[in-house]
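Residue strings, one per chain:
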Amino acid sequence: MKKFVSIHDVTNLDALVSQALKYKDDPLADKSLGVGKRLGLLFLNPSMRTRISTQVAAQNLGMETVVFNVGQEGWALEFGEGVVMNGTTVEHVKDAAPVLGLYFDILGIRTFPSLKNKEEDYSEQFIQQFIRFSNIPVISLESATLHPLQSLTDIITITESFREKRKPKVVLTWAPHVKALPQCVANSFAQWVNGWGKAEFVVTHPKGYELDEQFTQQAKITYSQADALKDADFVYVKNWSQYREYGQVSSQDPDWMLTENKLKLTNQAKVMHCLPVRRNVELSDEILDGTNSLVTRQAGNRVWAAQAVLSEILKSK
Ligand code: CP
């Protein structure tokens, strides 16, 4: 594996999931694999789980990590081609990325979308320029449109939680939120569940919240949350802002919040969320504190997803 920015960088998803679960059983199984190697983690935006789980994963493989909060501590980066840099940006990615490529063996980048310019965000120009100019493997720690480490974690979590010999019904439901959020987690979850191909997959949201079809593809899409929830085995809850009317919020309808009462429609579904979650806005206390919630286990699995990805990159270097 030379980079990890979407499911298209994975040649064998089942093997990657299996490796992650092996690391969960035996975290230090490859404790010498990364000795003498250094991982740089660059954050242009905030993070708790991604930052810490990736550091722990690297440590389990014997790697050193350096975390750099570019957004708070670094020079303001320029990504535009041919820009006259007489404004607020101080350093071009063309100059910064090759230097980072000399300091590190693998580079992780977190960079959110603007939610203002759809074409720019969906071209993934920030992470693509780090890939182009750093000359080392790049891992997405969440980009403008996707969150692959989260989605790999989600497939791992569904795999270990579902033991029946049939396809689980997996529902991605939109939830209300107080502000406009990226489509990344929803896009990415849809891309990975479709790519995995081992679930009956339904996406539900209010009118206007259709995701980019390149990610939803074979999913059944319905505006009726009640229809979607019927007999569900897993319900993934997430807010996102509109893709078509880009970045807009046309609904904060509290009726879309998942509750215990709505769970009665499901097959005692397990509830997932990537965290952080706004309690009693996106998800009720009763669900988050109840036995159907997988959110803590899911967040714990972030370590094994990151460790499997780092291991595959280290083995192919
Ligand atoms: N789920 C997730 O990516 O969490 P953080 O934003 O805290 O990294």
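Just so it is clear, the structure is predicted and the values come from calculations on it, not from any experiment.

S.K.: Can you help me understand the overall build of the protein in this one?
M.R.: Regarding its fold elements, the protein presents 14 helices and 11 strands. On C-alpha atoms alone, the protein measures out to a radius of gyration of 19 Å, which is about the 20 Å that the 2.2 N^0.38 rule sets for 317 residues. Taken along its principal axes, the extent of the C-alpha atoms in the protein is 55 × 50 × 30 Å. By the burial criterion, 57% of the 317 residues in the protein qualify as buried. If you take every contact in the protein between residues at least 6 apart in sequence, the share linking residues at least 24 apart comes to 79%. As presented, the protein carries roughly 14100 Å² of accessible surface, and 49% of it is formed by carbon and sulfur atoms. Positive and negative side-chain charges in the protein, numbering 35 and 36 respectively, have mean positions lying 4 Å apart.

S.K.: Help me understand the site of the ligand, please; the structure alone is not making it clear to me.
M.R.: All residues adjacent to the ligand are Ser47, Met48, Arg49, Thr50, Arg110, His147, Gln150, Cys274, Leu275 and Arg302. Glutamine 150 is positioned such that a nitrogen or oxygen atom in its side chain is 3.0 Å from a nitrogen atom of the ligand. Contact between the ligand and arginine 302: an oxygen atom at 3.3 Å from a side-chain N or O atom of the residue. Here the ligand has 260 Å² of accessible area as a free molecule, and 92% of this is covered by the chains. The pocket occupied by the ligand, as judged from atoms lying within 2 Å of grid points, is the largest pocket. Counted by class, the shell around the ligand contains 3 nonpolar, 4 polar and 3 charged residues. Lining the shell around the ligand are residues from two domains, each supplying at least three of them: domain 1 (7–146 + 301–316) and domain 2 (150–299).

S.K.: In this structure, what is going on with the layout of surface pockets? I would like to understand it.
M.R.: Taking a probe equal in size to a water molecule and rolling it over the atoms shows the remaining empty space. Volume-wise, the largest pocket comes out at about 530 Å³. Looking at the lining of the largest pocket, its residues break down into 10 nonpolar, 6 polar and 8 charged. A domain split of the lining of the largest pocket shows at least three residues from each of domain 1 (7–146 + 301–316) and domain 2 (150–299). Considered as a void within the structure, the second largest pocket measures approximately 250 Å³ in volume.

S.K.: Help me understand the packing of aromatic side chains in this model?
M.R.: Two aromatic rings are characterised by how far apart their centres lie and by the angle between their planes. The full count for this structure, using the stated rule, is 11 aromatic pairs. Aromatic side chains tyrosine 122 and tyrosine 246 sit 6.0 Å apart centroid to centroid with 80° between the ring planes, which places their arrangement in the edge-to-face category. Taken together, the residues span a long stretch of sequence, with tyrosine 122 in helix H5 (residues 118–122) and tyrosine 246 in the loop between strand S10 (234–238) and helix H11 (260–263) at a distance of 124 residues. For the pair tyrosine 122 and tyrosine 246, a shared accessibility class is recorded, and that class is buried. One aromatic cluster in this structure is built from Phe79, Phe126 and Phe130. The ring of tyrosine 243 has lysine 118 sitting right over it, with the charged end atom 4.0 Å from the ring centre.

S.K.: When you look at the pairing of strand S7 (residues 169–174) in this model, what are you seeing that I'm missing?
M.R.: Along any regular strand, the residues point their side chains to alternate faces of the sheet. Counting buried positions along S7 yields 6 of 6 residues, so the element is predominantly enclosed. A two-sided burial pattern is seen for S7, the buried positions comprising Lys169, Val171 and Thr173 on one face and Val170, Leu172 and Trp174 on the other. Bridging between S7 and strand S8 (residues 200–204) involves 5 bridges; their strand directions are parallel. The residue of S8 that forms the bridge with valine 170 is phenylalanine 201. Following the chain from S7 across helix H8 (residues 184–196) to the adjacent parallel S8, one finds a crossover that is right-handed.

S.K.: Before we go on, may I ask you to explain the packing of helix H4 (residues 93–103) against helix H6 (residues 125–134) in this structure?
M.R.: Axes are the key here: two packed helices are described by the angle between their axes and the distance separating the axes. Viewed as axis vectors pointing N to C, H4 and H6 meet at an angle of 55°, and their least axial separation amounts to 8 Å. Compared by their axis directions, H4 and H6 come out oblique. Crossing angle aside, the handedness with which H4 passes H6 is right-handed. Contacts from Val93, Lys94, Ala97, Pro98, Leu100 and Gly101 in H4 reach Gln129, Phe130, Phe133 and Ser134 in H6. When the residues that make up the contact of H4 with H6 are grouped by side-chain class, the tally is 6 nonpolar, 3 polar and 1 charged.

Rules of the game
- Residues numbered from 1 in each chain as written.
- Predicted model: local features only at pLDDT ≥ 70, side-chain atom pairs only at ≥ 80, totals over all residues.
- Heavy atoms only, no water.
- Helix = DSSP H or I, 4+ residues; strand = E, 2+ residues; numbered from the N terminus.
- Rg over C-alpha atoms; globule rule 2.2 N^0.38 Å.
- Buried < 20%, exposed > 50% of the residue type's maximum accessible area, 1.4 Å probe, protein only.
- Contact = heavy atoms within 4.5 Å.
- Areas by Shrake-Rupley, 256 points an atom, 1.4 Å probe, with all protein chains shown as cover.
- Lys, Arg positive; Asp, Glu negative; His and termini not counted.
- Charge placed at Lys NZ, Arg CZ, Asp CG, Glu CD.
- Near = heavy atom within 4 Å.
- Polar contact = N/O pair within 3.5 Å; in protein donor to acceptor, adjacent residues only side chain to side chain.
- 1 Å grid on protein atoms, 1.4 Å probe; cavity = no way out; pocket = protein on both sides within 12 Å on 5 of 7 lines; lining within 4 Å.
- Sits in = over half its atoms within 2 Å of the grid points.
- Nonpolar A, V, L, I, M, F, W, Y, C, P; charged D, E, K, R; others polar.
- Domains from an automatic or database assignment.
- Points joined across faces, edges and corners; volume = space filled by probe spheres on them.
- Phe/Tyr/Trp six-rings, centres within 6.5 Å; stacked < 30°, edge-to-face > 60°.
- Lys NZ or Arg CZ within 6 Å of the ring centre and 35° of its normal.
- Pairing = 2+ DSSP bridges.
- Right-handed = clockwise from strand over helix to strand, strands pointing away.
- Axes fitted to C-alpha atoms, helices over the stretch in contact; angles between N-to-C directions.
- Parallel < 35°, antiparallel > 145°, perpendicular 65-115°, else oblique.
- Left-handed = near helix turned anticlockwise from the far one by under 90°.

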